[in-house]
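This is what each chain is made of:
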Amino acid sequence: MSPSFSVRPTASVWSRSGLIAHVDLRSHENNLAHRTREIDRERLIVRRGQPFAITLQCSDSLTPNHHLEVVLFPRENNTRDEQREARDKWWFDQQRAQDEIVLTLHSPPDAVVGHYRLAVVAKSPVGHVVDKADKMGFHLLFNPWCKDDVVYLPDERLLQEYVMNEDGVIYMGASDSIRSIPWNYGQFEDYVMDVCFDVLDNSKDALKNPKADTENRSDPVYVSRMITAMVNSNGDQGVLTGRWEEPYSGGVAPYRWTGSVPILQQWSRDGAKAVKYGQCWVFAGVACTVLRCLGIPTRTITNFSSAHDVDGNLSIDILLNDKLETVGKKDSSWNFHVWVESWMRRDDLPKGNDGWQVLDPTPQELSEGEFCCGPCPVAAIKEGDLAMKYDAPFVFAEVNADIIYWMVGPDGQRKKVTSGVGKSISTKSVNGDFRQDVTLHYKYPEGSTKEREVYEKAGRPVADSTDGNAEPGQLQLSIRHAKAVFGTDFDVIVEVHNGGSKDAIAQLTILAMAVTYNSFTRGECQRQATSVTVPGHKTHKEVLRLRYDDYVKCVSEHHLIRVRAFAVVPGQDKPVMTVANIPLNMPELLVQVPGKAVVQEMATAHISFANPLPVPLRGGVFTVEGSGLLSATEVHVKGDIAPGQKVSVMLSFSPRRVGVRKLMVDFDSDRLKDVKGVATVVVRKRHFISGVY
């Protein structure tokens, strides 16, 4: 029996004579072999470049003289040229045993990803169609386990983390006070894969030119770039609308999300209507979900002291008036910014640009007319190769732009007072829920010869080693603080060190203000001005007491206090300033799941929390979710929570999938928001004994 592979127009009419009684797509064993069993056990989901087998039940009338043909329909409206191309690349072989024929299908490692419809056709020896089995289909994904796929990643530990892991950690806060939140990627939750392909189908490129879009879906560079455009809703039918300040009316505040699945489900349920609201870590979390689901290894990345360079001069100029208030703002420095990296080979670029690629779905600047960013090789950023596609100058500025503070006098003259650059670039380690610093992937060691060479190559001015710091004999400022917990009073200590031999008299101003993570000022918390005398080679300590009653009036939902200390010495032309960002830590939320968790059997989560504030909390609500455990569920607290009062809730659920899972909880109320908790749950299989569970 001779085999053949082709693609046919979708409008064909077929007769049936019972020669092919049944076709078994063998979804269970194929999905297990292709590592897609977590997505679905009933539907066939396979990865490109890896064979899969289907079984035909045939009647005795199907003789070796008959001809079998496998017909694929990758997408609607394919031209005959596309059909011929698919036929040339796909192939199958067959093996007969009794009344069964096993067909092993082979897809090329650069096949188009997406949904395929499948038919098996039997033809007579003279070429007439005598039977057909159709109404079958499967999904094809990228294959990072296949060495010929451009997303191939030759490390099983990394694949388990960056493709298969549904739970993650996203880093936030400040470079000297890094905190993390758990995130439920949930890429294998029910029908998430379908939503991911819907995201691609609703892109402007897909709607404008389906033929070209189909051709390009073999390329992870194209697909990942479309994802960065579609995760935000700027200018298209994207998933998330961004908003960076309260109120968040008509939607969900960004800090309330604990995972991507409810966002994607709501977008799909509402007919591709944007979900409100997201900020950078939410955009990145959703993008990571979609890319991992499609088979592209992906991880979230946090850059602290991240620059947003509007004018492209690789300098973030922040102007301050004599009250230390920001004026004339264009460029900005974000306390942190989150994007994703995806792993792929870049055949479209010169050698040396393979590996991790920056992709940023947060809408900041237009790229070729769209709000998207990347993929940009991390290697190109480190080497200062700003001509590499895509958006290398913007990404380079995020991690390398000089952040310069200028004092603007009444006459308009500027004086440089301090500077800083991006640092502590972080991601979750493959070895557990702790931080891995990847700064050296993006830049050479600070002060090194290679760093200077890269700066010169990229056109960034190389700062003088004394720039922004005290010169010999000048004062030096530093800011220290104990762990600051939201709801408590705490001290900020400004140390004034005199490096000279003579006494120094300075006018010291300390300003504490509430800001958002992307540097929008929400209000002044406290200001203190005093004259200090610092003996030669000595250090003076000035204490600023920050009280809850002062900062709660203006603190943002990001719970961030920015302190500026500014010193002027009469007779010295250059003032001295230092800046510290102080994240206010949230109280602990305790999550426990006692006993053993068994798949499809009831388990109970115990969640407890004590109000740390000196005021009652109203409208308390816990949001609970976890991949393989339960969908996002809200538990409302009845009545007010008094100061110091402990509230406990119990939630029963039935785990859906075995394995190590994470149960994630968020608590929000009128005065206290963004309190997170997480518990690890090991879900075991059910055991059968004499027909009884």
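Quick caveat, the model's predicted, so the values are computed rather than measured.

In space, the five strands of this open sheet follow the order β32-β38-β37-β34-β35, with mixed pairing throughout. This sheet does not close on itself; its edge strands, each paired only once, are β32 (597-598) and β35 (630-636). With nine bridges connecting them, strand β37 (residues 659-668) and strand β38 (residues 675-684) associate as antiparallel partners. Note on β38: the bridge partner recorded for Val 665 is Gly 677.

This part is about the packing of helix α7 (residues 220-231) against helix α9 (residues 280-294). Any two packed helices are characterised by the angle at which their axes cross and by the distance between the axes. Put simply, α7 and α9 touch, their axes get as near as 10 Å, and they point 145 degrees apart. As α7 runs across α9, the sense of the crossing is right-handed. Along the contact surface, α7 presents Val 223, Ser 224, Ile 227 and Val 231, while α9 presents Phe 283, Val 286, Ala 287, Val 290, Leu 291 and Leu 294. Residue classes in the contact of α7 with α9 are distributed as nine nonpolar, one polar and no charged.

Let us now look at the packing of aromatic side chains. Within this structure, the stated rule accounts for 21 aromatic pairs. Between Phe 336 and Tyr 517, the aromatic rings sit 4.6 Å apart at their centres with planes inclined by 25 degrees, giving stacked as the arrangement. Of this pair, Phe 336 sits in strand β17 (residues 332-344) while Tyr 517 sits in the loop between β26 (504-515) and β27 (521-534), and the two are 181 residues apart along the sequence. Taken individually, Phe 336 and Tyr 517 each receive the classification buried, so the pair is uniform in this respect. Their ring planes at 55 degrees and their centres at 6.1 Å tell us that Trp 339 and Tyr 442 sit as a pair that is tilted. Linking Trp 339 in strand β17 with Tyr 442 in helix α12 (residues 439-442), this pair joins segments that are 103 residues apart in sequence.

With that settled, consider the environment of Val 46. Checked against the element boundaries, Val 46 lands in strand β3 (residues 44-47). Take Val 46: its relative accessible area is 0%, and that puts it in the buried class. Between the C-alpha atoms of Val 46 and Asn 31, which are 15 residues apart in sequence, the distance is 6.3 Å. Setting aside residues no more than four positions away along its own chain, Val 46 makes contact with Asn 30, His 34, Phe 52, Phe 138, His 139, Leu 140 and Leu 141.

For β32 and β38, the ladder comprises two bridges, and the chain directions are parallel. Counterpart to Val 598 in the pairing with β38 is Arg 684. Here β37 hands over to β38 after six residues, with Asp 674 in that stretch at a positive phi of 65 degrees.

In the numbering used here, UniProt assigns the feature "active site" (unreviewed entry) to Cys 280, His 337 and Asp 360. A stretch of 81 residues holds the annotated residues, and the largest C-alpha distance among them is 9.7 Å, short enough that they meet in one place. Along the chain, Cys 280 falls in helix α9. Here Cys 280 is in contact with Trp 334, Phe 336, His 337, Val 338, Thr 362 and Tyr 517, once residues within four sequence places are set aside. Within the secondary structure, Asp 360 sits in the loop between β18 (355-359) and β19 (376-377). With a relative accessible area of 1%, Asp 360 lands in the buried category.

Let us look at the pattern of salt bridges. Oppositely charged side chains are able to pair whenever their charged atoms sit close together. One pass over the structure, following the stated rule, counts 40 salt bridges. The closest approach of N and O atoms between Arg 217 and Asp 201, which form a salt bridge, is 2.8 Å. On the criterion of sequence distance, the pair formed by Arg 217 in the loop between α6 (210-216) and α7 and Asp 201 in helix α4 (residues 192-201) is long-range, its members being 16 residues apart. Judged by relative accessible area, which is 3%, Arg 217 ranks as buried. Arg 225 is paired through a salt bridge with Asp 391; the nearest N and O atoms lie 3.3 Å apart. Highlighted residues: Arg 225 in helix α7 and Asp 391 in the loop between α10 (378-383) and α11 (392-400), separated in sequence by 166 residues. Accessibility expressed as a relative area gives 7% for Arg 225, which makes it buried. It is possible to trace a salt-bridge network through shared partners that takes in Glu 38, Glu 166, Glu 189, Arg 656, Arg 657 and Arg 661.

Definitions and cut-offs
Residues numbered from 1 in each chain as written. Predicted model: local features only at pLDDT ≥ 70, side-chain atom pairs only at ≥ 80, totals over all residues. Heavy atoms only, no water. Pairing = 2+ DSSP bridges. Helix = DSSP H or I, 4+ residues; strand = E, 2+ residues; numbered from the N terminus. Axes fitted to C-alpha atoms, helices over the stretch in contact; angles between N-to-C directions. Left-handed = near helix turned anticlockwise from the far one by under 90°. Contact = heavy atoms within 4.5 Å. Nonpolar A, V, L, I, M, F, W, Y, C, P; charged D, E, K, R; others polar. Phe/Tyr/Trp six-rings, centres within 6.5 Å; stacked < 30°, edge-to-face > 60°. Buried < 20%, exposed > 50% of the residue type's maximum accessible area, 1.4 Å probe, protein only. UniProt positions renumbered as here; feature names shortened; annotations may be inferred. Salt bridge = Lys/Arg side-chain N within 4 Å of Asp/Glu carboxyl O.

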